[in-house]
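# Breakdown of the fold
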Amino acid sequence: MTEQITVIGGGLAGCEAAWQAAKRGVKVRLYEMKPGKYSEAHHLPGLSELVCSNSLRGDSLENAVGLLKEELRRLGSLFMEGAEATKVPAGGALAVDRELFSTYITKMIEEHPDIEVVREELTRIPEEGIVVVASGPLTSGPLAEEIGGLAGSYLYFYDAIAPIVAADSIDYDKAFRASRYGKGDGDDYLNCPMNEEQYHHFVKELLAAEKVEPKSFEKVVHFEGCMPIEEMASRGIETLRFGPMKPVGLTDPRVGVEPYAVIQLRQENREATMFNLVGFQTKLTWPEQKRIFRMIPGLEQAQFLRLGSMHRNTFINAPQLLLATCQLKSDPRVLFAGQITGVEGYVESASSGFVAGVNAARLAKGEELTVPPAETAIGALARHITNTEAAHFQPMNVNYGLFPPLPGRIKKKEKRGLLAQRGLEALEAWLPGVAG
Ligand SMILES: Cc1cc2nc3c(=O)[nH]c(=O)nc-3n(C[C@H](O)[C@H](O)[C@H](O)COP(=O)(O)OP(=O)(O)OC[C@H]3O[C@@H](n4cnc5c(N)ncnc54)[C@H](O)[C@@H]3O)c2cc1C
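Residues numbered from 1 in each chain as written. Predicted model: local features only at pLDDT ≥ 70, side-chain atom pairs only at ≥ 80, totals over all residues. Heavy atoms only, no water.

### Focus on the confidence of the model for the protein chain
- Put simply, the protein chain has an average pLDDT of 86, and 85% of its residues get 70 or more.
- Residue range residues 388–410 is modelled with pLDDT below 50. Its contacts to residues more than four positions away, or to other chains, number 67 contacts. (pLDDT = per-residue confidence, 0-100. Contact = heavy atoms within 4.5 Å.)

### Thoughts on the sheet that holds strand β10 (residues 176–177)
- The sheet built from six strands is open, its strands ordered β10-β11-β12-β13-β9-β14 with antiparallel pairing. Edge positions in the sheet fall to β10 and β14 (304–306), since each of these pairs with one other strand and no more.
- Pairing of strand β9 (residues 164–166) with strand β13 (residues 274–277) involves three bridges; the strand directions are antiparallel. From the neighbouring strand, Ile-164 faces β13, where its bridge partner is Asn-276. (Pairing = 2+ DSSP bridges. Helix = DSSP H or I, 4+ residues; strand = E, 2+ residues; numbered from the N terminus.)

### Quick look at the site of the ligand
- Surveying the vicinity of the ligand reveals 36 residues, the closest of which are Ala-13, Glu-32, Leu-122, Gln-339 and Tyr-346.
- Leu-12 is positioned with one of its backbone polar atoms (N or O) 3.0 Å from an oxygen atom of the ligand.
- Taking Ser-53, its main chain carries an N or O atom lying 3.3 Å from an oxygen atom of the ligand.
- Contributions of two or more residues to the shell around the ligand are made by α1 (12–23), β8 (154–161), β15 (309–316) and α10 (346–364).
- Class assignment of the residues belonging to the shell around the ligand gives a composition of 14 nonpolar, 15 polar and seven charged. (Near = heavy atom within 4 Å. Polar contact = N/O pair within 3.5 Å; in protein donor to acceptor, adjacent residues only side chain to side chain. Nonpolar A, V, L, I, M, F, W, Y, C, P; charged D, E, K, R; others polar.)

### Brief notes about the pairing of strand β11 (residues 189–194)
- The buried count for β11 comes to six of six residues, which makes it a mostly enclosed element.
- Because side chains alternate across β11, one face comprises the buried residues Tyr-189, Asn-191 and Pro-193, and the other comprises Leu-190, Cys-192 and Met-194, equally buried.
- Bridging between β10 and β11 involves two bridges; their strand directions are antiparallel. Note on β11: the bridge partner recorded for Arg-177 is Leu-190.
- Pairing analysis gives six bridges linking β11 to strand β12 (residues 261–267), with the strands arranged antiparallel. Note that in β12 the partner of Leu-190 across the bridge is Leu-265. (Buried < 20%, exposed > 50% of the residue type's maximum accessible area, 1.4 Å probe, protein only.)

### A short note on the UniProt feature "binding site: FAD" (unreviewed entry) in the protein chain
- The feature "binding site: FAD" (unreviewed entry), as annotated in UniProt, sits at Gly-9, Gly-10, Gly-11, Leu-12, Ala-13 and Gly-14 in this numbering.
- You can see Gly-11 is positioned in the loop between β1 (4–8) and α1.
- A relative accessible area of 23% places Gly-11 in the partly exposed class.
- With sequence-adjacent residues up to four places away left out, Gly-11 is seen in contact with Glu-32 and Ser-48.
- Tracing the backbone through its elements, the reader meets Leu-12 in helix α1. (UniProt positions renumbered as here; feature names shortened; annotations may be inferred.)

So this is what it looks like as C-alpha cells:
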C-alpha cells in the first residue's frame, strides 16, 4: 500500500489537495514549475497565485459560491484559512491581497512536515503511484500533450485578464467611494462615474479599438463569466450598463444621484496602493487599453501596473473521462482537480482540490472513496464537473437543480438558507467532526 502521493501543480487546487492529503497522514510530493518556468498568466514565485481578480466573490450564504466558501471553512480548508488571514475590504465579497495570500499558503505548505515541494516542471504523469493532476488551465505544453494522450483529447477556451492601476494616479475629485447598496463598509470600492454622453462615446471608442487577434487556427470560445469588455459591448449599446458598468445602488455623494454608468475599482492589496478595474478583462492591444481606459473620468492620468491580456485555457472533457471521486475512469490511481477538469473559478478550483485531496489520501490508505453528499454545495460541484457537458461553460454557479427537491412554497432565499443547514448536516455525516 502506498502512503505517498504526487500532486502536479501548486495552484489553488494542488495546494488544497496536498494539504488535505497530508492532514490525513499521507506523505505528499508537490511539483510546481515556478519560478523556473511561468505560464503567460502567472507572475508570483509563490504557490496558490490568483491570476486575475483578487476577489473570491460573494460571501453570503444565499449564493452558491458563498455556500461553497462556508463549507470549505468548516471543512478546514487551507484556501479559506489563507483568505481569512489576508482579506481586504470588498463590500459583500471576500477579496484578498494576492501577494500576502500566496505567501501565506506557500509558508503553510512548505513548512508542513509531510509535504515536499519540488520546484520542477513535470512533463509526464508518473507511471506509478497515486497522482493528483492539478496543473491548471495553463498546464505547460509537454504535460498538456501527455494529458491529451491519456485522456483521449483536451479542449480549450479563452480567458481574459483585467488591468490594475496605481492608486496615486487616480483622480479622487472625480472617483467617489461607495459599495453597491452600501454593503461591507459602504465605501469599499472607488467608482468612476460617467454621464450619458461620456458613456456613449466610451462604448463607441471601445468597439473601434484594436484587439489582439487570435492565431488563424484557433477557434476562440469565451467563458461567459470572463467575457472581454469589448466583446460585451458588441452585444448592444446598453449591455455594459447592465453588466460591469451598472450604476444601480451607487449614489455619487457629491450630487446625491446614481450616475448614468460607473466603472468600479476594487482594492488590490492591503496597502491600497493598487486598484483593479472590476469586470474590465480585455483583449485590446496594450496601447489601445491605455488610450481607451484613460477616457474614464478619474483615470485620465492612470498609471497601469498591469494591462489586460488573453489566455488559452486547457481542460479535459471531465463528464466523459472522470468519476465524481475525481478519478480518471481509465486509470483510477490518477485524479484530476481544479480548472483542468473544466470547472471555473478560484473557489470552485480549491473545492475540487479538497475532494481530490481527501480521496487521494483514502486511496493511499486503501479506504473507500466517496463523493461529498449531494445536499452540499461541494457535492453538487463534484457532480456538476462530471455529469454535465455544459459544466465547461457555466460553472461559476453550482447547479442548484442538483439538490434534492424541497417542500413546496418556500421562498428562494429561504430555500438556500435551508440548503445551507441541510448541507452542513450532510457535511458532518461525510467527514465527521468537521461541520460542528
Ligand atoms: C487568465 C485567467 C483569468 C482568471 N480569472 C479568474 C477570476 O477573475 N476569478 C476566478 O474566480 N477565477 C478566475 N480564473 C480561474 C482561476 O484562475 C482558476 O480557476 C484557478 O486559478 C485554477 O486553479 P488551479 O489550481 O486549477 O490552477 P492554477 O491556479 O493555475 O495552478 C496550476 C499550477 O500548476 C503549475 N503547473 C502547470 N504546469 C505544470 C507542470 N507541467 N509541472 C509543474 N507545475 C505546473 C502552474 O505554474 C500553477 O502554479 C482565471 C483563470 C485564468 C487562466
